[in-house]
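Structural description and commentary
Listed here are the chains, written in short residue letters.
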Amino acid sequence: MCLLVTDRRRGDAPWFALTGDTLFVAAVGRPDLAGQEGAMARTLDDSLHAKLLNLPDTIEIHPGHQAASVCGAGMERIVAETIAA
Ligand SMILES: [Fe+2]
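Attention in this report is confined to the structure presented alongside it.

Definitions and limits used
- Residues numbered from 1 in each chain as written.
- Predicted model: local features only at pLDDT ≥ 70, side-chain atom pairs only at ≥ 80, totals over all residues.
- Heavy atoms only, no water.
- Phe/Tyr/Trp six-rings, centres within 6.5 Å; stacked < 30°, edge-to-face > 60°.
- Buried < 20%, exposed > 50% of the residue type's maximum accessible area, 1.4 Å probe, protein only.
- Lys NZ or Arg CZ within 6 Å of the ring centre and 35° of its normal.
- Core = buried A, V, L, I, M, F, W, Y, C linked by side-chain atoms within 4.5 Å.
- Contact = heavy atoms within 4.5 Å.
- 1 Å grid on protein atoms, 1.4 Å probe; cavity = no way out; pocket = protein on both sides within 12 Å on 5 of 7 lines; lining within 4 Å.
- Points joined across faces, edges and corners; volume = space filled by probe spheres on them.
- Helix = DSSP H or I, 4+ residues; strand = E, 2+ residues; numbered from the N terminus.

On to the packing of aromatic side chains, then. Applying the stated criterion across every chain, the model contains one aromatic pair. Ring geometry for Trp15 and Phe16: centres 5.1 Å apart, planes at 75 degrees, overall edge-to-face. Using a relative accessible area of 28% as the deciding quantity, one classes Trp15 as partly exposed. Over the ring of Trp15 we find Arg10; its NZ or CZ atom is 3.8 Å from the centre of that ring.

Listed below in structure tokens is the structure:
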């Protein structure tokens, strides 16, 4: 699950996304942890390419984990980044 957040006091454009275990900084979530690798990989691909990567480049992402988590591989220690990065 990801949540796209808009602060209406700042304007109508979305500000950031809480990306949970879907998109990390420099990595994506692992579809192999729930036992349905094929289905989860297709869902992850759809979430990334049909949704998250279509957001404006300036949207900040705030993942659920940083480096050293087993929920992804190759994550950065950075706690947030933009979609463009
Ligand atoms: Fe996780």
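The next subject is the nonpolar core. A general feature of soluble globular proteins is that nonpolar side chains tend to end up buried together. By size, the foremost hydrophobic cluster in this structure holds ten residues: Ala17, Leu23, Val25, Leu44, Leu48, Leu52, Leu55, Ile59, Ile61 and Ile83. Contact partners of Ile59, with chain neighbours within four places excluded, come to Leu4, Pro14, Trp15, Phe16, Ala17, Glu81, Thr82 and Ile83.

What follows deals with the layout of surface pockets. In this model, the largest pocket occupies a volume close to 380 Å³. Lining the largest pocket are 19 residues, with Met1, Cys2, Thr22, Leu44 and Ser47 sitting closest to its centre. Going through the elements one at a time, strand 1 (3-5) and helix 1 (37-51) are the ones with two or more residues in the lining of the largest pocket. Element by element, the count of residues in the lining of the largest pocket is highest for helix 1, at five residues.

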